[in-house]
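Examining the three-dimensional arrangement
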Amino acid sequence: MTENLIPQLPPGQHRVRYHEELDELRSELLRLGAMVCETVARSTAVLLGGSLQDAHELIAEDAIINELSLNLEQRSYTIMVRQSPIAKELRNLIATQKLVGELERSADLMVNICKAGRRMYGAPFPPKIRDVITAMSREAARLLKLSLDAYASGDAALAEALGDIDDELDQLNRDMVEEIFAAHANDELDLGAAVQLALVARYYERIGDPRGKHR
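Residues numbered from 1 in each chain as written. Predicted model: local features only at pLDDT ≥ 70, side-chain atom pairs only at ≥ 80, totals over all residues. Heavy atoms only, no water.

The number of helices and strands found in the protein is seven helices and zero strands. Listed N to C, the secondary structure of the protein is α-α-α-α-α-α-α in terms of helices and strands. Residues counted as buried form 39% of the 215 residues belonging to the protein. Look at the contacts in the protein between residues 6 or more apart in sequence, and 82% of them connect residues 24 or more apart. Carbon and sulfur atoms form 55% of the exposed surface of the protein, whose accessible area is close to 12200 Å². (Helix = DSSP H or I, 4+ residues; strand = E, 2+ residues; numbered from the N terminus. Buried < 20%, exposed > 50% of the residue type's maximum accessible area, 1.4 Å probe, protein only. Contact = heavy atoms within 4.5 Å. Areas by Shrake-Rupley, 256 points an atom, 1.4 Å probe, with all protein chains shown as cover.)

What follows concerns unusual backbone geometry. Phi is positive for Asp187, which is not a glycine, with a value near 60°. In this structure Asp187 comes out as exposed when scored by relative accessible area, which is 70%.

Bringing the pattern of salt bridges into the picture now. Enumeration according to the criterion identifies seven salt bridges in this entry. Taking the shortest distance from any N to any O, the salt bridge between Arg142 and Glu139 comes out at 2.8 Å. Taken together, the positions of Arg142 and Glu139, both in helix 4 (residues 127–153) and three residues apart, correspond to about one turn of that helix. Given the relative accessible area of 41%, Arg142 is considered partly exposed. (Salt bridge = Lys/Arg side-chain N within 4 Å of Asp/Glu carboxyl O.)

This part is about the nonpolar core. Ranked by size, the top nonpolar core spans 48 residues in total, and within it Phe125, Ile129, Ile133, Leu189 and Tyr204 carry the most contacts. Elements supplying a minimum of two residues to this core: helix 1 (11–47), helix 2 (52–83), helix 3 (87–119), helix 4, helix 6 (167–185) and helix 7 (191–207). Non-local contacts of Ile133, meaning those with residues more than four positions away in its chain, are made with Thr44, Leu47, Leu48, Phe125, Met176, Leu197 and Tyr204. (Core = buried A, V, L, I, M, F, W, Y, C linked by side-chain atoms within 4.5 Å.)

Quick look at the side chain of Ser76 now. For Ser76, the position within the fold is in helix 2. On the accessibility criterion, Ser76 (0% relative accessible area) is buried. At 3.0 Å, the side chain of Ser76 forms a polar contact with the side chain of Gln97. Once residues within four sequence positions are removed from consideration, Ser76 is found in contact with Leu25, Leu93 and Gln97. (Polar contact = N/O pair within 3.5 Å; in protein donor to acceptor, adjacent residues only side chain to side chain.)

The next subject is a nonpolar patch on the surface. A cluster of nonpolar side chains, Leu191, Val195 and Leu199, forms an exposed patch at the surface whose accessible area comes to about 250 Å². Tracing the backbone through its elements, the reader meets Leu191 in helix 7. (Patch = residues over 30% accessible without salt bridge, like charges linked within 9 Å, V, L, I, M, F, W, Y side chains within 5 Å.)

To continue, consider the side chain of Ser106. With respect to the secondary-structure elements, Ser106 resides in helix 3. Under the relative-accessibility criterion, Ser106 is labelled buried at 1%. Apart from residues no more than four positions distant in its own chain, Ser106 is found in contact with Val36, Leu144 and Ile207.

With that settled, the discussion passes to the packing of helix 4 against helix 7. Here helix 4 crosses helix 7 at 20°, and the two axes come no closer than 8 Å. On the basis of the axis angle, helix 4 is roughly parallel to helix 7. Crossing geometry of helix 4 relative to helix 7 is assigned as left-handed. Together, Ile129, Ile133, Met136, Ser137, Ala140 and Leu144 of helix 4 and Leu197, Ala201, Tyr204, Glu205 and Ile207 of helix 7 make up the contact between the two elements. (Axes fitted to C-alpha atoms, helices over the stretch in contact; angles between N-to-C directions. Parallel < 35°, antiparallel > 145°, perpendicular 65-115°, else oblique. Left-handed = near helix turned anticlockwise from the far one by under 90°.)

This is the structure in structure tokens:
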């Protein structure tokens, strides 16, 4: 008779390993979140005058974020299938999948900002526009950090409220549009740069919105 060569863990050890997998998943997601938060600051620096090499590196690094995101999603589904999690654990796994998707989307938006910066390379921005871009970047990063804090602490109320506390980003988006029109009217900004900056403002603003809001 052929022996089963797959090691079998005692029932108690199965549960221990299960919770270890949940902890590992949580740690990896927080690592992903830290990477995306860093990407927001780095992409903004590229937009405001960074080098083309910096832009190229950030765009290339998005593949790493995509791979990590896919790995986290697959691992969470595997845990669901193998372990039949109870209600609280199931909610945590669903929250993990949702946050992974939001983080990947935010990283993609930062790639778009890098590409816009590359298209506008060398174009001067009026000081007021630079100030609004900096404020949008900080607010976008703050909202991402709040999402990660809510996940790490298990604060379901904060997680639910995040979709409703993006008023500051919405206002900054409106401020940016006004500054773009004013700068273009005063010949401080050509039409191509004006269009790109309007898109950039939209990319920042979308970080504060839940995924389904734009569908």
